[in-house]
Amino acid sequence: QVQLVESGGGLVQAGGSLRLSCAASGSVFTIYRMGWYRQAPGKQRELVASITSGGTTNYADFVKGRFTISRDNAKNTVYLQMNSLKPEDTAVYSCTMAINSRVRDYWGQGTQVTVSS
């Protein structure tokens, strides 16, 4: 059994910062790709950022220069540092990890991020 638990969401003013964390627990042996997605009300879920086991990162254009994804393999944790937040960043943010298999993705429960103007 594998679980992903997220933390760090909340309410912040525009221009502020938040740091999201997502930790995997259970029968975790190898974690391949890690990533963050978000879904705003009435919109489709979209990729925010991802990071490979080798540390290669990929960002959506709308967060480049503002968000940073990182991972701590010893803690089975992925982070998303979000700076210069905008009201349009308001969404439920969910982490995902490919654990023990490159084709088996696990998902966190999601954490709400609300940016006020």
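Rules of the game
Counting of residues starts from 1 at the beginning of each chain's written sequence and follows it residue by residue. Side-chain atom pairs in this predicted model are given and counted only at pLDDT of 80 or more, local residue features only at pLDDT of at least 70, and totals for whole chains, interfaces and linings cover all residues. In computing side-chain values, all of the structure's heavy atoms are included and hydrogens and water are not. Whether two strands pair comes down to DSSP finding at least two bridges between them. Per the convention used, a helix needs a DSSP run of H or I reaching at least four residues, while a strand needs a run of E reaching at least two, with both numbered from the N terminus. Lines are fitted to the C-alpha atoms to define the axes, a helix being fitted only along its stretch in contact, and any angle between axes, read from their N-to-C directions, falls within 0 to 180 degrees. To sort residues, take the accessible area from a 1.4 Å probe on protein chains only and compare it with the maximum for the residue type: under 20% means buried, over 50% means exposed, and anything in between is partly exposed. Here a salt bridge means any side-chain nitrogen of Lys or Arg lying within 4 Å of a carboxyl oxygen belonging to Asp or Glu. Take the buried residues of types Ala, Val, Leu, Ile, Met, Phe, Trp, Tyr and Cys, join any two whose side-chain atoms come within 4.5 Å, and each joined set is a nonpolar core.

Asker: Give me the lowdown on the sheet that holds strand E3 (residues 18-26), citing residues and values where you can.
Answerer: Strands sit in the order E1-E3-E8-E7 across an open sheet of four strands; the sheet is antiparallel. The open sheet has two edge strands, strand E1 (2-7) and strand E7 (67-72), and neither has a second partner. Strand-to-strand twist in this sheet, taken as the mean axis angle between neighbours without regard to direction, amounts to 15°. Across six bridges, E7 lies against strand E8 (residues 77-82) in antiparallel orientation.

Asker: Would you mind going over unusual backbone geometry in detail, with residue names and values included?
Answerer: At Asn76, a residue that is not glycine, the phi angle is positive and equals roughly 55°. Phi is positive for Asn100, which is not a glycine, with a value near 70°. Tracing the backbone through its elements, the reader meets Asn100 in the loop between strand E9 (91-99) and strand E10 (105-107). Overall, Asn100 belongs to the partly exposed group, its relative accessible area being 34%.

Asker: Describe the pattern of salt bridges, with residues and values.
Answerer: Side-chain pairs of opposite charge can arise whenever the charged atoms involved come near each other. Tallied over the full model, the rule gives four salt bridges. In this structure, the salt-bridge partner of Arg38 is Glu46, at a minimum N-O distance of 2.9 Å. The exposure class assigned to Arg38 is buried, which follows from its relative accessible area of 6%. When its relative accessible area of 31% is taken as the criterion, Glu46 is described as partly exposed. With a closest N to O distance of 2.7 Å, Arg66 and Asp89 form a salt bridge. Remark: Asp89 occurs in the loop between E8 and E9 and Arg66 occurs in the loop between strand E6 (57-59) and E7; sequence separation between them is 23 residues. We note that Arg66, like Asp89, is buried.

Asker: Describe the environment of Gly54, naming the residues involved and giving the relevant values.
Answerer: Position of Gly54 relative to the elements: it lies in the loop between strand E5 (46-51) and E6. The class of Gly54 is exposed, set by a relative accessible area of 70%. For the pair formed by Gly54 and Leu11, sequence separation is 43 residues and the distance between their alpha carbons is 33 Å.

Asker: With reference to specific residues and values, describe the nonpolar core.
Answerer: With 32 residues, the main nonpolar core has Trp36, Val78, Leu80, Met82, Tyr93, Met97 and Ile99 as its most contacted residues. Secondary structure elements with two or more residues in this core: E1, E3, strand E4 (31-39), E5, E7, E8, E9 and strand E11 (111-116). Broken down by element, this core gets its largest block of residues, five residues, from E9.

Geometric values such as these leave the question of function open.
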